[in-house]
Amino acid sequence: MNTWLSIDGLSLTEGGTRIIADVSLTLGAQRTVVLGPNGAGKSTLLRLIHDLLHPSTGVLYWPRPLSQAMVFQRPVMLRTTALTNVIYGLKLKGFKTGEARRRAQESLARVGLEHLALRPARLLSGGEQQRVALARAWALEPELLILDEPTASLDPASSREVERIIGDIAASGARILMTTHNLGQARRIAEDIVFIDRGRIVEQTPVAQFFKLPQTPAAQSFLQEEMP
Amino acid sequence: MHEFNEPLITAWQLVAGADARLAGIVLLSLRVSLAATLIACVIGMPIGALLAVGRFPGRRTLIVLFNGLMGLPPVVVGLLVYLLLSRAGPLGQFGLLFSPEAMIIAQAILVTPIVAALTRQVVADSWSEYREQLRSLGASRGRAAATLLWDGRFSLSTAALAGFGRAIAEVGAVMIVGGNIDGVTRVMTTTIALETSKGDLPLALALGFILITVVLAINAVAYALRGWAERHWG
């Protein structure tokens, strides 16, 4: 297992509340899913890793800096076509217009949306918008793709499609770090599970072991509640 | 009743007959206020966007200032521009006083804070929605401001129209810096004020009709545009 990120003593305090409390963690698996109850700090942890938030204390140590992209629970689409939304991300990364357009078209094809490329993005269904967001992230060919509950607001069919795309992105070589409330999805995607509760890492376990025999009482009761 | 009806009929004849003098006044009004609004948008929209997404010292003060300046009294703006452009003033050598250009400058000053404040509101709302995504994609704050201006283009048409409505309806600033010279700087509002005081009600009424029609028509167009944009772009 090649460590790609070491986190040491990470804390985030906002308004007197400790959202992330002294997290130390080593990430090396290609596909890691962060699980935990609502308000455990999962999304916050992802945002700290993606540099959208700055920690109060602690350090992130990247053995080698990785290019990153992030997909959020609710896709943010600009008021333009699906294609231009994907091109926008590429242009911010410095691609020239022609090359950006070619890559964007390819990326939309990979998520199965080439036929909707010229539709206004905000009028697409929630599932289609999330796939445009995945295409926008994938087009950047990130070494690390972070996903914050990407299927939480989607119907089952759209969720399956998004899950397939995440699998394809992983197969193309990107590291995956995501949160989900769907335990079946976690089991299908993850190699490693990181379980957090109240801002603390409770356990980090290979996926098969986590679902068969979680090591901590907190994880055991979480699994019992989530899978009655 | 007779005294009220007669001016109304004459006014209608002026409008219906496309009276040349009337047309000249209306066109000058439109030209001055459109130019002023355009300048106000070019200056005010970037300011509004940067106030929404920027992080720099004095930002809050500027927001309060621009909100406050939305209520600038036109006569005070007129007076300030008059002082700037008068022969002895700092910009006196350009000889702009009592010209349509002076009126454009005065109205642009009047309208810029309105456009900036309304733009800030629109952009701040979408910034809270887009912020993380744009930062994740690596957009600088300047780039984010430009993106949000483009993304909010249909909502921002309302800001522009509010500015235009203010410009075309104000009388104090253009009266002072334009001088209300017949055939040169006489616009709808100043003519209405003058003709009413002279007792020439038909022309004043005719211009009043047109002024109200212009304002209503522009708002109708804005409403239709936003509806179309909402359906077309979401």
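Conventions we followed
- Residues numbered from 1 in each chain as written.
- Chains lettered and ligands numbered in written order.
- Predicted model: local features only at pLDDT ≥ 70, side-chain atom pairs only at ≥ 80, totals over all residues.
- Pairing = 2+ DSSP bridges.
- Helix = DSSP H or I, 4+ residues; strand = E, 2+ residues; numbered from the N terminus.
- Axes fitted to C-alpha atoms, helices over the stretch in contact; angles between N-to-C directions.
- Contact = placed C-beta atoms within 7 Å.
- Core = buried A, V, L, I, M, F, W, Y, C linked by C-beta atoms within 7 Å.
- Buried ≥ 20, exposed ≤ 12 C-beta atoms within 10 Å, placed from the backbone.
- Left-handed = near helix turned anticlockwise from the far one by under 90°.

Novice: Before we move on, can you summarise the pairing of strand β2 (residues 17-27) of chain A with the specific residues and values?
Specialist: Relative to β2(A), strand β1 (residues 5-14) of chain A is paired through seven bridges, and the arrangement is antiparallel. Its bridge partner lying in β2(A), Glu14(A) is registered against Thr17(A).

Novice: Requested: an account of the sheet that holds strand β4 (residues 57-61) of chain A, with residues and values cited.
Specialist: Residue and element names in this part refer to chain A. Reading across the sheet, the three strands line up as β2-β1-β4 and stay open at both edges, with antiparallel pairing between neighbours. Two strands bound the open sheet, and with one partner strand each, they are β2 and β4. Along the sheet, successive strands turn relative to each other by an average axial angle of 15°, direction set aside. Across the sheet, helix α1 (residues 42-49) lies against β1, β2 and β4, angled at about 60° from β2, the strand it touches most.

Novice: Before we move on, can you summarise the nonpolar core with the specific residues and values?
Specialist: Counting 136 residues, the largest nonpolar core has Val86(A), Ala106(B), Val115(B) and Val177(B) as the members making the most contacts within it. If you tally residues by element for this core, the top one is helix α5 (residues 100-136) of chain B, at 19 residues. Look past the residues within four positions of Val86(A) in its chain and what remains in contact with it is Ala104(A), Ser107(A), Leu108(A), Val132(A), Ala135(A), Arg136(A) and Ala139(A).

Novice: Please set out helix α6 (residues 141-151) of chain B residue by residue, giving values where relevant.
Specialist: For α6(B), the full list of buried residues reads Ala144(B), Ala145(B), Thr147(B), Leu148(B), Leu149(B) and Asp151(B). In the core, the buried residues of α6(B) are packed alongside α2 (20-53), α5 and α7 (153-169) of chain B.

Novice: Talk me through the packing of α2(B) against α5(B); I want residue IDs and the actual numbers.
Specialist: Helix-helix packing is characterised by the crossing angle of the two axes and by the distance between the axes. Between α2(B) and α5(B), whose axes approach to 5 Å, the crossing angle comes to 35°. With respect to the hand of their crossing, α2(B) and α5(B) are arranged in right-handed fashion.

Novice: Provide a residue-level description of the interface of chain B and chain A, including the pertinent values.
Specialist: Taken residue by residue, the interface counts 13 residues in chain B and 13 residues in chain A. Secondary-structure elements contributing two or more residues to the side of chain B that touches chain A are α5 and α10 (201-233) of chain B. At six residues, the largest contribution of residues to the side of chain B that touches chain A is made by α5(B).

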